[in-house]
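# Understanding the architecture of this molecule
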Amino acid sequence: MARDLRQFIELLEKKGQLKRIKTEVDADLEIAEIANRMLQAGGAGLLFENVKNSPYPIAVNLLGTLERVCWAMKMENPLELEELGKKLGMLQQPKPPKKISQAIDFGKVLFDVVKAKPTKGFFPPCQQVVIEEKDLDLNTLPLIRPYPKDAGKIITLGLVITKDCETGTPNVGVYRLQLQSDKTMTVHWLSVRGGARHLRKASLMGKKLEVAIALGVDPLIILAAATPIPVDLSEWLFAGLYGGEGVKLAKCKTLDLEVPADSEFVLEGTITPGEVLPDGPFGDHMGYYGGVEDSPLIRFHCMTHRKDPIYLTTFSGRPPKEEAMMAIALNRIYTPILRQQVSEITDFFLPMEALSYKAAVISIDKAYPGQAKRAAMAFWSALPQFTYTKFVIVVDKEINIRDPRQVVWAITSKVDPVRDVFILPETPFDTLDFASEKIGLGGRMAIDATTKVYPETDHEWGEVLESDEKIAEKVTQRWAEYGLGELNLEEVNPNLFGYEIF
């Protein structure tokens, strides 16, 4: 059971999923190039022990496969993530139990919430070494620059921790930070994010916003911070629910903020409202360089770290990347919550190749005409993270939505583009999506690839081709007798059918 970054690295090494690189490497471009090749091949996590011009090693690609993301969540199978989703869904929309068994299940969830409350860490490892402002130099951190036209060095997997200056409610997010000087960085966050809201409130009250950056934390906490589920719970509590026990927190040395006690590094600073610098361009998850934006400037005045700390990082870009693997896992967590929000949805999938949120395939148990359109509209409004989903494809429950061949068959055999495609123009959209005619404003499309019923069509639908049940059973029983018993027909190589998937 990994509880901090070091224990997770040990777990990967025991399972043969970590490679230690002792050759000197450069954090400028070289590490990202090596890691990207490993990501493309589904390779092991990497620990670079000899980083040019830095005393600290770099860990990358630790969450580069779905299997390793599951391990970070204390699970072995992606289906277990749906059980976690059911638990979170029960907390989001609690319903009066109708049966004793339901009351018992809800009681178990409440007990899990009690266990998940954060605890205080005494003598926290993250403060074993304290570096005050006069000695602080952010250039000692092995910050990577992934792409040749990136504006500078970045932090990508830091927990950015802020607090509402009026209510004291904390927010934990994962935002990109760009190095600006030896003591300053800009933070890039969307206006709807918690940190941005806290900064606006601090500005109205004429106060600086305190900011702590926790680097090298338990990957489970990163996943909790990246989960935008609309439940009135803190990210610390989410992490506790994910891991089955509370996160140990420690108060910062110079700020009224709490950070994970086992963090490898902690940066402490403040933002003065209105103080900004240009941030970007950087390669982003869309597969292009983003634009340049004026972003809030953080002035750091303290850094603490563990003895012999490890720097954890990653980078964005066209999938597969670590962020895409995390999104696939979170997809499983959302599934039961989405079913609770939209009852006719039986399953949904956000393909990694569609940038993990730009296209969704949902299956429904169709019962009446027009239901596919209703399901698509409900999907777009069910959870905040689906606001920027550009395409929704609705299929029947019999279709395996994780098999692109079945989905393409459903589209081509069940869709009349005039009748079954509808488009919503000029809706609020992702500013990183360059396909939109106007940045921040774009269209979205739904495709009804379900079997049509009257009055959606006025003619009979063709009968589906199926094997004779008796003959199929006979062939199954005699399969070995045919001399074919050694063949595994479950593992199909898609490249045999004209695909080029490596």
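For the structure given in this document, a descriptive report is provided here. In this text, all values refer to a predicted model and were calculated from it rather than measured experimentally.

## Focus: the pattern of salt bridges
Applying the stated criterion to the full structure yields 32 salt bridges. Lys-414 serves as the salt-bridge partner of Asp-396, at 3.7 Å between the closest nitrogen and oxygen. Taken together, the residues span a long stretch of sequence, with Asp-396 in strand S19 (residues 391-396) and Lys-414 in helix H11 (residues 404-414) at a distance of 18 residues. We note that Asp-396, like Lys-414, is buried. Its salt-bridge partner being Asp-420, residue Arg-419 comes within 2.7 Å of it at the nearest N-O pair.

## Thoughts on the nonpolar core
Within the largest apolar cluster, 80 residues are counted, with the highest numbers of intra-cluster contacts made by Leu-62, Leu-159, Tyr-242 and Phe-379. With ten residues, helix H9 (residues 322-341) is the single largest residue contributor to this core. Contacts of Phe-379, omitting those with residues within four sequence positions, involve Leu-338, Val-342, Phe-348, Leu-350, Ala-360, Ile-362, Phe-386, Thr-389 and Val-392. By size, the runner-up hydrophobic cluster in this structure holds 41 residues, among which are Leu-143, Ile-144, Val-211 and Phe-300.

## Digging into the sheet that holds strand S2 (residues 45-48)
Read from one edge to the other, the open sheet built from four strands follows the order S1-S2-S3-S16, with strand pairing classed as mixed. Here the strands that pair on one side only, and so sit at the sheet edges, are strand S1 (18-21) and strand S16 (311-312). Across the sheet, helix H2 (residues 30-40) is in contact with S2 and strand S3 (58-60); its angle to S2 comes to roughly 160°.

## Remarks on the sheet that holds strand S20 (residues 421-428)
The strand order across the open sheet built from five strands is S17-S18-S19-S21-S20, with neighbouring strands paired in mixed fashion. Edge positions in the open sheet fall to strand S17 (345-349) and S20, since each of these has one partner strand only. Neighbouring strand axes in the sheet, compared pairwise and without regard to direction, differ in orientation by 20° on average. By the bridge criterion, four bridges tie S17 to strand S18 (residues 359-364) in an arrangement that is antiparallel. Pairing of Ile-345 across the sheet is with Ile-364, part of S18.

## Section: the pairing of strand S7 (residues 159-163)
When you tally the buried positions in S7, you get four out of five residues, the bulk of the element. The turn joining S7 and strand S8 (residues 170-174), which pair antiparallel and follow one another in sequence, is formed by six residues; a positive phi near 80° is taken by Gly-168. Where S7 and strand S11 (residues 209-215) come together, three bridges link them in antiparallel fashion. Note on S11: the bridge partner recorded for Leu-159 is Ala-214.

## As for unusual backbone geometry
Here the residue pair Gly-280 and Pro-281 is connected by a cis peptide bond, since its omega of 5° sits within 30 degrees of zero. With respect to the helices, strands and loops of the structure, Pro-281 is situated in the loop between strand S14 (265-279) and strand S15 (293-305). Residue Pro-320 follows Pro-319 across a cis peptide bond; omega there is 5°. Inspection of the secondary structure puts Pro-320 in the loop between S16 and H9.

## Points about helix H1 (residues 5-14)
Listed as buried for H1 are Leu-5, Phe-8, Ile-9 and Leu-12. Seen end-on, H1 carries its buried residues on one side only, within an arc spanning 100°. Summarising the contacts, the buried residues of H1 are in contact with S1, S3, helix H3 (66-72), helix H7 (219-225) and S16. Where H1 starts, the residue carrying a side-chain oxygen 3.2 Å from the main-chain nitrogen of Arg-6 turns out to be Asp-4. Trailing H1 by a residue or two, Gly-16 shows a phi angle of about 70°, which is positive.

Parameters and conventions
- Residues numbered from 1 in each chain as written.
- Predicted model: local features only at pLDDT ≥ 70, side-chain atom pairs only at ≥ 80, totals over all residues.
- Heavy atoms only, no water.
- Salt bridge = Lys/Arg side-chain N within 4 Å of Asp/Glu carboxyl O.
- Helix = DSSP H or I, 4+ residues; strand = E, 2+ residues; numbered from the N terminus.
- Buried < 20%, exposed > 50% of the residue type's maximum accessible area, 1.4 Å probe, protein only.
- Core = buried A, V, L, I, M, F, W, Y, C linked by side-chain atoms within 4.5 Å.
- Contact = heavy atoms within 4.5 Å.
- Pairing = 2+ DSSP bridges.
- Axes fitted to C-alpha atoms, helices over the stretch in contact; angles between N-to-C directions.
- Arc of directions from axis to C-beta.
- Polar contact = N/O pair within 3.5 Å; in protein donor to acceptor, adjacent residues only side chain to side chain.

Read these as spatial facts, not as claims about activity.
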